[in-house]
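The chain contents come next:
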Amino acid sequence: MKNEGTQPMETPGNLFVVAAPSGAGKSSLVKALLELDSHLQVSVSHTTRAPRGQEQNGREYWFIRPDEFQSMIDRGDFFEWAEVHGNRYGTSREGIEARLMAGEDVVLEIDYQGALQIKQMFVHAVLIFILPPSWAELEQRLRRRGEDHPDVIAQRLVNARVEVAQAQHFDYVIINGLFETALFDLKTVVHSQRLKYVAQRRVKSGVFAALDLL
Ligand SMILES: Nc1nc2c(ncn2[C@@H]2O[C@H](COP(=O)(O)OP(=O)(O)O)[C@@H](O)[C@H]2O)c(=O)[nH]1
Ligand SMILES: Nc1ncnc2c1ncn2[C@@H]1O[C@H](COP(=O)(O)OP(=O)(O)O)[C@@H](O)[C@H]1O
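None of the values given here were measured: they were computed from a predicted structure.

Peer 1: Teacher, can you tell me more about the overall build of the protein here?
Peer 2: When helices and strands are counted, the protein shows eight helices and nine strands. Counting only C-alpha atoms, the protein reaches 65 × 45 × 30 Å along its principal axes. Looking at the 214 residues of the protein, the share that counts as buried comes to 43%. By sequence separation, contacts in the protein at least 24 residues apart represent 69% of the contacts at least 6 residues apart. Only carbon and sulfur atoms are counted for the fraction: they give 53% of the accessible area of the protein, which is about 11600 Å². Considering the protein, the positive charge centre built from 24 side chains and the negative charge centre built from 28 side chains are found 2 Å apart.

Peer 1: Would you take a moment to explain the UniProt feature "binding site: ATP" (unreviewed entry) in the protein for this structure?
Peer 2: Within the UniProt annotation, "binding site: ATP" (unreviewed entry) is assigned to A20, P21, S22, G23, A24, G25, K26 and S27. The annotated residues named above include A20, P21, S22, G23, A24, G25, K26 and S27 as those lining the largest pocket. Here A20 lies in the loop between β1 (15-19) and α1 (26-36). Looking at A20, the relative accessible area reads 10%, which means it is buried. A20 has contacts with K26, F129, I130 and E163, leaving out every residue within four places of it along the chain. Secondary-structure assignment places S22 in the loop between β1 and α1. Apart from the residues lying within four places of it in its own chain, the contact partners of S22 are H85, L138, L142, R145, R156 and E163.

Peer 1: Help me out: how do you make sense of the sheet that holds strand β2 (residues 40-42) in this one?
Peer 2: Consider a sheet: its strands pair through backbone hydrogen bonds, and that pairing is either parallel or antiparallel. The strand order across the open sheet built from five strands is β2-β7-β1-β8-β9, with neighbouring strands paired in parallel fashion. Sheet topology places β2 and β9 (172-175) at the edges, where each strand pairs with a single neighbour. Taking each pair of neighbouring strands and ignoring which way they run, the sheet shows an average axis angle of 25°. By the bridge criterion, three bridges tie β2 to strand β7 (residues 105-109) in an arrangement that is parallel. Looking across to β7, one finds that L40 is bridged to D105.

Peer 1: What should I look at first to understand the packing of helix α5 (residues 135-145) against helix α6 (residues 150-164) in this one?
Peer 2: For any two helices packed against each other, one specifies the crossing angle of their axes together with the interaxial distance. Where α5 contacts α6, the two axes come as close as 11 Å, and the packing angle between them is 140°. Classed by the angle they form, the pair α5 and α6 counts as oblique. α5 and α6 meet at a crossing whose hand is right-handed. Mapping the contact onto sequence places W135, L138, E139, L142, R143 and R145 in α5 and I153, R156, L157, A160, R161 and V164 in α6. Of the residues in the contact of α5 with α6, the class split is seven nonpolar, no polar and five charged.

Peer 1: Looking at this structure, how should I read the site of ligand 2?
Peer 2: Near ligand 2 you find 13 residues, and of these G23, S27, S28, R145 and N176 are the closest. In the model, an oxygen atom of ligand 2 is placed 2.8 Å from a nitrogen or oxygen of the K26 main chain. The side chain of N176 places a nitrogen or oxygen atom 2.8 Å from a nitrogen atom of ligand 2. Protein coverage of the free-state accessible area of ligand 2, which is 570 Å², stands at 76%. Because more than half of its atoms lie within 2 Å of the grid, ligand 2 is assigned to the largest pocket. When residues in the shell around ligand 2 are grouped by element, the largest group, three residues, is from α1. By residue class, the composition of the shell around ligand 2 is three nonpolar, seven polar and three charged.

So, how was this worked out
- Residues numbered from 1 in each chain as written.
- Chains lettered and ligands numbered in written order.
- Predicted model: local features only at pLDDT ≥ 70, side-chain atom pairs only at ≥ 80, totals over all residues.
- Heavy atoms only, no water.
- Helix = DSSP H or I, 4+ residues; strand = E, 2+ residues; numbered from the N terminus.
- Buried < 20%, exposed > 50% of the residue type's maximum accessible area, 1.4 Å probe, protein only.
- Contact = heavy atoms within 4.5 Å.
- Areas by Shrake-Rupley, 256 points an atom, 1.4 Å probe, with all protein chains shown as cover.
- Lys, Arg positive; Asp, Glu negative; His and termini not counted.
- Charge placed at Lys NZ, Arg CZ, Asp CG, Glu CD.
- UniProt positions renumbered as here; feature names shortened; annotations may be inferred.
- 1 Å grid on protein atoms, 1.4 Å probe; cavity = no way out; pocket = protein on both sides within 12 Å on 5 of 7 lines; lining within 4 Å.
- Pairing = 2+ DSSP bridges.
- Axes fitted to C-alpha atoms, helices over the stretch in contact; angles between N-to-C directions.
- Parallel < 35°, antiparallel > 145°, perpendicular 65-115°, else oblique.
- Left-handed = near helix turned anticlockwise from the far one by under 90°.
- Nonpolar A, V, L, I, M, F, W, Y, C, P; charged D, E, K, R; others polar.
- Near = heavy atom within 4 Å.
- Polar contact = N/O pair within 3.5 Å; in protein donor to acceptor, adjacent residues only side chain to side chain.
- Sits in = over half its atoms within 2 Å of the grid points.

Okay, structure coming up:
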(Lines give C-alpha, C1' and ligand atoms only; values in the text may rest on other atoms or scores of the structure.)
(Ligands and ions follow the chains in the order given, each with its own letter.)
Protein backbone atom coordinates (compact mmCIF):
# COMPACT_ATOMS: atom_id res chain seq x y z
CA MET A 1 0.00 0.00 0.00
CA LYS A 2 2.98 2.27 0.36
CA ASN A 3 4.74 3.88 -2.55
CA GLU A 4 6.72 6.71 -1.03
CA GLY A 5 9.27 8.26 -3.29
CA THR A 6 7.73 7.02 -6.52
CA GLN A 7 7.22 9.69 -9.15
CA PRO A 8 4.64 9.35 -11.96
CA MET A 9 6.32 7.59 -14.86
CA GLU A 10 5.94 7.73 -18.60
CA THR A 11 7.28 4.62 -20.29
CA PRO A 12 7.67 3.47 -23.91
CA GLY A 13 5.73 0.27 -23.15
CA ASN A 14 1.99 0.24 -22.46
CA LEU A 15 0.70 -0.85 -19.09
CA PHE A 16 -2.70 -2.53 -18.84
CA VAL A 17 -4.35 -3.21 -15.50
CA VAL A 18 -7.20 -5.71 -15.29
CA ALA A 19 -9.34 -5.92 -12.14
CA ALA A 20 -12.56 -7.75 -11.34
CA PRO A 21 -14.48 -9.31 -8.50
CA SER A 22 -13.37 -12.87 -7.85
CA GLY A 23 -14.97 -15.28 -10.33
CA ALA A 24 -15.81 -12.70 -13.00
CA GLY A 25 -13.35 -14.37 -15.38
CA LYS A 26 -10.36 -12.04 -15.26
CA SER A 27 -7.68 -14.75 -15.19
CA SER A 28 -9.35 -16.72 -18.00
CA LEU A 29 -9.60 -13.60 -20.16
CA VAL A 30 -6.02 -12.48 -19.53
CA LYS A 31 -4.72 -15.99 -20.22
CA ALA A 32 -6.60 -16.12 -23.54
CA LEU A 33 -5.36 -12.64 -24.43
CA LEU A 34 -1.75 -13.62 -23.75
CA GLU A 35 -2.08 -16.65 -26.01
CA LEU A 36 -3.20 -14.37 -28.86
CA ASP A 37 -0.81 -11.51 -28.25
CA SER A 38 2.90 -12.24 -28.19
CA HIS A 39 3.77 -8.59 -27.47
CA LEU A 40 2.07 -8.69 -24.11
CA GLN A 41 3.57 -10.05 -20.91
CA VAL A 42 1.91 -10.64 -17.58
CA SER A 43 3.49 -9.67 -14.31
CA VAL A 44 3.48 -12.50 -11.75
CA SER A 45 2.47 -11.14 -8.35
CA HIS A 46 3.62 -12.24 -4.92
CA THR A 47 1.00 -13.47 -2.46
CA THR A 48 0.63 -14.91 1.03
CA ARG A 49 -2.39 -16.96 -0.13
CA ALA A 50 -1.98 -20.74 -0.29
CA PRO A 51 -1.75 -22.21 -3.82
CA ARG A 52 -4.91 -23.72 -5.33
CA GLY A 53 -4.94 -27.21 -6.88
CA GLN A 54 -3.16 -26.69 -10.19
CA GLU A 55 -1.31 -23.47 -9.37
CA GLN A 56 2.47 -23.44 -9.64
CA ASN A 57 4.94 -21.23 -7.86
CA GLY A 58 6.22 -18.62 -10.32
CA ARG A 59 3.41 -19.22 -12.83
CA GLU A 60 0.16 -17.94 -11.28
CA TYR A 61 1.92 -16.33 -8.31
CA TRP A 62 5.08 -16.33 -6.27
CA PHE A 63 3.72 -17.94 -3.10
CA ILE A 64 5.57 -16.59 -0.08
CA ARG A 65 5.19 -16.56 3.70
CA PRO A 66 3.75 -13.50 5.49
CA ASP A 67 7.17 -12.66 7.00
CA GLU A 68 8.79 -12.79 3.54
CA PHE A 69 6.06 -10.53 2.21
CA GLN A 70 6.67 -8.10 5.08
CA SER A 71 10.41 -8.07 4.31
CA MET A 72 9.66 -7.21 0.70
CA ILE A 73 7.45 -4.32 1.85
CA ASP A 74 10.20 -3.11 4.20
CA ARG A 75 12.78 -3.22 1.41
CA GLY A 76 10.47 -1.24 -0.91
CA ASP A 77 10.33 -4.11 -3.40
CA PHE A 78 6.69 -3.50 -4.38
CA PHE A 79 5.20 -0.99 -6.79
CA GLU A 80 1.98 -1.58 -4.97
CA TRP A 81 0.50 -4.09 -2.58
CA ALA A 82 -2.86 -4.61 -0.92
CA GLU A 83 -4.73 -6.87 1.43
CA VAL A 84 -7.48 -8.68 -0.48
CA HIS A 85 -9.89 -11.30 0.94
CA GLY A 86 -7.65 -11.68 4.01
CA ASN A 87 -4.34 -12.23 2.16
CA ARG A 88 -1.63 -9.92 0.90
CA TYR A 89 -0.83 -9.50 -2.79
CA GLY A 90 1.82 -7.30 -4.39
CA THR A 91 3.37 -6.29 -7.71
CA SER A 92 7.14 -6.31 -7.45
CA ARG A 93 9.23 -3.66 -9.16
CA GLU A 94 11.59 -6.26 -10.54
CA GLY A 95 11.00 -6.92 -14.18
CA ILE A 96 8.10 -4.60 -14.89
CA GLU A 97 10.00 -1.35 -14.85
CA ALA A 98 12.72 -2.75 -17.11
CA ARG A 99 10.19 -4.27 -19.51
CA LEU A 100 8.16 -1.08 -19.80
CA MET A 101 11.30 1.00 -20.32
CA ALA A 102 12.35 -1.46 -23.04
CA GLY A 103 9.05 -0.73 -24.83
CA GLU A 104 7.29 -3.97 -23.97
CA ASP A 105 3.61 -4.06 -23.03
CA VAL A 106 2.74 -5.44 -19.61
CA VAL A 107 -0.56 -6.54 -18.10
CA LEU A 108 -1.24 -6.60 -14.36
CA GLU A 109 -4.05 -8.71 -12.93
CA ILE A 110 -4.63 -7.00 -9.62
CA ASP A 111 -7.42 -5.72 -7.39
CA TYR A 112 -8.96 -2.23 -7.54
CA GLN A 113 -6.82 -0.86 -4.68
CA GLY A 114 -3.66 -1.81 -6.54
CA ALA A 115 -5.06 -0.54 -9.83
CA LEU A 116 -5.72 2.90 -8.38
CA GLN A 117 -2.21 3.04 -6.91
CA ILE A 118 -0.71 2.07 -10.26
CA LYS A 119 -2.64 4.83 -12.03
CA GLN A 120 -0.95 7.37 -9.79
CA MET A 121 2.49 6.05 -10.68
CA PHE A 122 1.94 5.37 -14.36
CA VAL A 123 -0.25 8.13 -15.71
CA HIS A 124 -0.80 6.30 -18.99
CA ALA A 125 -1.80 2.98 -17.43
CA VAL A 126 -5.05 1.72 -18.92
CA LEU A 127 -7.45 0.50 -16.23
CA ILE A 128 -9.93 -2.19 -17.29
CA PHE A 129 -12.64 -3.56 -15.02
CA ILE A 130 -14.30 -6.90 -15.79
CA LEU A 131 -17.91 -7.37 -14.65
CA PRO A 132 -19.91 -10.60 -14.52
CA PRO A 133 -23.29 -10.46 -16.30
CA SER A 134 -25.16 -10.87 -12.97
CA TRP A 135 -24.61 -11.59 -9.28
CA ALA A 136 -26.17 -15.03 -9.71
CA GLU A 137 -23.73 -15.89 -12.51
CA LEU A 138 -20.79 -14.65 -10.42
CA GLU A 139 -21.77 -17.02 -7.62
CA GLN A 140 -22.24 -19.87 -10.10
CA ARG A 141 -18.78 -19.32 -11.57
CA LEU A 142 -17.12 -19.31 -8.16
CA ARG A 143 -18.91 -22.54 -7.25
CA ARG A 144 -18.26 -24.20 -10.62
CA ARG A 145 -14.58 -23.32 -10.43
CA GLY A 146 -14.57 -25.49 -7.32
CA GLU A 147 -11.30 -24.13 -5.94
CA ASP A 148 -12.41 -22.27 -2.85
CA HIS A 149 -14.06 -23.33 0.41
CA PRO A 150 -17.74 -22.22 0.69
CA ASP A 151 -16.75 -19.74 3.43
CA VAL A 152 -14.12 -18.23 1.15
CA ILE A 153 -16.67 -17.97 -1.68
CA ALA A 154 -19.15 -16.28 0.67
CA GLN A 155 -16.51 -13.72 1.70
CA ARG A 156 -15.57 -13.05 -1.94
CA LEU A 157 -19.22 -12.46 -2.84
CA VAL A 158 -19.58 -9.94 -0.02
CA ASN A 159 -16.37 -8.19 -1.11
CA ALA A 160 -17.57 -8.22 -4.72
CA ARG A 161 -20.20 -5.57 -3.88
CA VAL A 162 -17.49 -3.19 -2.68
CA GLU A 163 -15.23 -3.98 -5.64
CA VAL A 164 -17.89 -3.49 -8.32
CA ALA A 165 -18.64 -0.03 -6.90
CA GLN A 166 -15.07 0.93 -7.89
CA ALA A 167 -15.63 0.25 -11.60
CA GLN A 168 -16.50 3.94 -12.05
CA HIS A 169 -12.82 4.85 -11.57
CA PHE A 170 -11.68 2.64 -14.45
CA ASP A 171 -11.08 3.64 -18.07
CA TYR A 172 -13.02 0.68 -19.48
CA VAL A 173 -15.65 -1.69 -18.16
CA ILE A 174 -16.13 -5.00 -19.96
CA ILE A 175 -19.00 -7.36 -19.19
CA ASN A 176 -17.89 -10.97 -19.37
CA GLY A 177 -21.14 -12.62 -20.39
CA LEU A 178 -20.18 -14.47 -23.56
CA PHE A 179 -16.48 -15.21 -23.21
CA GLU A 180 -15.55 -14.61 -26.87
CA THR A 181 -17.29 -11.23 -26.88
CA ALA A 182 -15.48 -10.10 -23.74
CA LEU A 183 -12.17 -11.31 -25.17
CA PHE A 184 -12.81 -9.35 -28.35
CA ASP A 185 -13.53 -6.23 -26.26
CA LEU A 186 -10.31 -6.71 -24.32
CA LYS A 187 -8.29 -7.13 -27.52
CA THR A 188 -9.89 -3.97 -28.89
CA VAL A 189 -8.86 -1.94 -25.84
CA VAL A 190 -5.27 -3.16 -26.12
CA HIS A 191 -5.18 -2.48 -29.85
CA SER A 192 -6.69 1.01 -29.47
CA GLN A 193 -4.15 1.95 -26.83
CA ARG A 194 -1.29 0.88 -29.09
CA LEU A 195 -2.68 2.92 -31.98
CA LYS A 196 -3.14 5.93 -29.74
CA TYR A 197 0.39 5.64 -28.44
CA VAL A 198 1.93 5.31 -31.90
CA ALA A 199 -0.07 8.30 -33.17
CA GLN A 200 0.97 10.45 -30.21
CA ARG A 201 4.62 9.57 -30.69
CA ARG A 202 4.43 10.46 -34.38
CA VAL A 203 2.81 13.80 -33.65
CA LYS A 204 5.48 14.53 -31.02
CA SER A 205 8.32 13.54 -33.30
CA GLY A 206 7.00 15.80 -36.04
CA VAL A 207 6.45 13.04 -38.60
CA PHE A 208 3.05 14.37 -39.59
CA ALA A 209 4.38 17.92 -39.80
CA ALA A 210 7.14 16.72 -42.09
CA LEU A 211 4.47 15.23 -44.33
CA ASP A 212 2.80 18.63 -44.38
CA LEU A 213 -0.32 17.11 -42.84
CA LEU A 214 -0.50 19.02 -39.53
N1 LIG B 1 -3.28 -5.20 -5.31
C2 LIG B 1 -2.99 -6.39 -5.82
N3 LIG B 1 -3.97 -7.29 -6.00
C4 LIG B 1 -3.64 -8.49 -6.54
C5 LIG B 1 -2.32 -8.80 -6.94
N6 LIG B 1 -2.31 -10.06 -7.44
C7 LIG B 1 -3.58 -10.50 -7.40
N8 LIG B 1 -4.39 -9.57 -6.84
C9 LIG B 1 -5.84 -9.61 -6.64
O10 LIG B 1 -6.17 -10.33 -5.49
C11 LIG B 1 -7.49 -10.85 -5.63
C12 LIG B 1 -7.54 -12.30 -5.23
O13 LIG B 1 -6.79 -13.06 -6.16
P14 LIG B 1 -6.89 -14.65 -6.14
O15 LIG B 1 -6.81 -15.12 -4.73
O16 LIG B 1 -5.92 -15.19 -7.11
O17 LIG B 1 -8.38 -14.94 -6.60
P18 LIG B 1 -9.20 -14.49 -7.90
O19 LIG B 1 -10.04 -13.33 -7.47
O20 LIG B 1 -10.01 -15.68 -8.20
O21 LIG B 1 -8.26 -14.12 -8.98
C22 LIG B 1 -7.89 -10.59 -7.07
O23 LIG B 1 -8.70 -9.43 -7.11
C24 LIG B 1 -6.58 -10.35 -7.75
O25 LIG B 1 -6.70 -9.52 -8.88
C26 LIG B 1 -1.30 -7.81 -6.74
O27 LIG B 1 -0.13 -7.99 -7.04
N28 LIG B 1 -1.70 -6.65 -6.17
N1 LIG C 1 -17.64 -15.89 -20.01
C2 LIG C 1 -17.66 -16.94 -19.18
N3 LIG C 1 -18.73 -17.75 -19.18
C4 LIG C 1 -18.77 -18.83 -18.35
N5 LIG C 1 -17.81 -19.18 -17.48
C6 LIG C 1 -16.71 -18.39 -17.43
C7 LIG C 1 -16.59 -17.24 -18.29
N8 LIG C 1 -15.40 -16.64 -18.02
C9 LIG C 1 -14.80 -17.39 -17.06
N10 LIG C 1 -15.59 -18.43 -16.71
C11 LIG C 1 -15.33 -19.46 -15.68
O12 LIG C 1 -15.60 -18.85 -14.43
C13 LIG C 1 -14.68 -19.31 -13.42
C14 LIG C 1 -13.96 -18.09 -12.83
O15 LIG C 1 -13.06 -17.59 -13.83
P16 LIG C 1 -11.63 -17.02 -13.44
O17 LIG C 1 -10.97 -16.65 -14.72
O18 LIG C 1 -10.93 -17.96 -12.54
O19 LIG C 1 -12.09 -15.70 -12.64
P20 LIG C 1 -11.25 -14.63 -11.81
O21 LIG C 1 -9.84 -14.68 -12.25
O22 LIG C 1 -11.90 -13.31 -12.15
O23 LIG C 1 -11.45 -14.98 -10.37
C24 LIG C 1 -13.76 -20.30 -14.11
O25 LIG C 1 -14.22 -21.60 -13.84
C26 LIG C 1 -13.89 -19.94 -15.59
O27 LIG C 1 -13.66 -21.07 -16.40
